Amino acid sequence: MLYLIIEHFRDGDPVPVYRRLRDEGRLMPHDLRYVASWVTDDFRCCFQIMECDDRALLTQWMARWDDLVEFEVIPVVTSAEAVATLAPRL
């Protein structure tokens with residue numbers, strides 16, 4: 001399953017997040033996969049695509065960052081999967 005993770009840096013400050021990332025890495029459980037990410041040009045928010053079969057892995061990962069980040073989690077599918085799912089209704 002793919003998830004769009006929206007990270008709001010606490011107090012709008014990305015420095016503590018990037019410092020921890022530099023010093024400790026992504027702190028992800030083994031079966032959680034980072035796909036890609038984008039950061040807003042004001043450095044207040046990050047959008048990530050993560051992938052895993054067990055939603056609990058996301059919860060574990062977010063717990064390691066929740067002192068620095070507020071999270072929104074949105075399950076998503078690829079455009080190709082959306083087309084395939086909706087094709088019979090078109």
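Report follows, based on the coordinates.

Quick notes on the rules
- Residues numbered from 1 in each chain as written.
- Predicted model: local features only at pLDDT ≥ 70, side-chain atom pairs only at ≥ 80, totals over all residues.
- Heavy atoms only, no water.
- Core = buried A, V, L, I, M, F, W, Y, C linked by side-chain atoms within 4.5 Å.
- Buried < 20%, exposed > 50% of the residue type's maximum accessible area, 1.4 Å probe, protein only.
- Helix = DSSP H or I, 4+ residues; strand = E, 2+ residues; numbered from the N terminus.
- Contact = heavy atoms within 4.5 Å.
- Pairing = 2+ DSSP bridges.
- Axes fitted to C-alpha atoms, helices over the stretch in contact; angles between N-to-C directions.
- Phe/Tyr/Trp six-rings, centres within 6.5 Å; stacked < 30°, edge-to-face > 60°.
- Lys NZ or Arg CZ within 6 Å of the ring centre and 35° of its normal.
- Disulfide = S-S within 2.5 Å.
- Salt bridge = Lys/Arg side-chain N within 4 Å of Asp/Glu carboxyl O.

### Notes on the nonpolar core
Thinking step 1. Ile5, Val17, Leu32, Met50, Cys52, Leu58 and Trp61 are the most contacted members of the largest nonpolar core, which totals 15 residues.
Thinking step 2. Broken down by secondary-structure element, the contributors of at least two residues to this core are β1 (2–9), β3 (45–51) and α2 (55–63).
Thinking step 3. Here this core gets four residues from one element, more than from any other, and that element is α2.
Thinking step 4. The residues touching methionine 50, leaving out its near neighbours within four places in the chain, are Met1, Leu2, Tyr3, Ile5, Met28, Leu32, Arg33, Tyr34, Val35, Leu58 and Trp61.

### Thoughts on the sheet that holds strand β2 (residues 33–39)
Thinking step 1. Strand order across the open sheet formed by four strands is β2-β3-β1-β4, with antiparallel pairing between neighbours. The open sheet has two free edges, formed respectively by β2 and β4 (69–76), since each of these has just one partner strand. The sheet shows a mean angle of 20° between the axes of neighbouring strands, direction not considered.
Thinking step 2. The sheet contact formed by β1 and β3 spans seven bridges and is antiparallel.

### Some remarks on the packing of aromatic side chains
Thinking step 1. Enumeration according to the criterion identifies two aromatic pairs in this entry.
Thinking step 2. Between phenylalanine 9 and tyrosine 18 the ring centres are 6.3 Å apart and the planes differ by 75°, which places this aromatic pair in the edge-to-face class.
Thinking step 3. The class of phenylalanine 9 is buried, set by a relative accessible area of 5%.
Thinking step 4. Above the plane of the ring of tryptophan 65 lies arginine 20, whose end atom (NZ or CZ) is 5.3 Å from the centre.
Thinking step 5. A cation over a ring is seen here: arginine 26 above tyrosine 34, with NZ or CZ 3.6 Å from the ring centre.

### Observations concerning the state of the cysteines
Two cysteines, two sulfur atoms, one covalent bond between them: this is a disulfide.
Thinking step 1. Inspection of every chain in the model, using the stated rule, returns zero disulfides.
Thinking step 2. Cysteine 52 forms no disulfide, and the closest cysteine sulfur to it belongs to cysteine 46, at a distance of 16 Å.
Thinking step 3. Classification of cysteine 52 as buried rests on a relative accessible area of 3%.

### Focus on the pattern of salt bridges
Thinking step 1. The final tally for this structure, using the stated rule, is four salt bridges.
Thinking step 2. Its salt-bridge partner being arginine 10, residue glutamate 70 comes within 3.1 Å of it at the nearest N-O pair. Residue glutamate 70 is located in strand β4, and its partner arginine 10 is located in the loop between β1 and α1 (15–24); the two are separated by 60 residues in the primary sequence.
Thinking step 3. Across the pair arginine 22 and aspartate 23 runs a salt bridge, and its minimum N-O distance is 2.7 Å.
Thinking step 4. Overall, arginine 22 belongs to the exposed group, its relative accessible area being 62%.
Thinking step 5. Residue classification places aspartate 23 among the exposed positions, given a relative accessible area of 51%.

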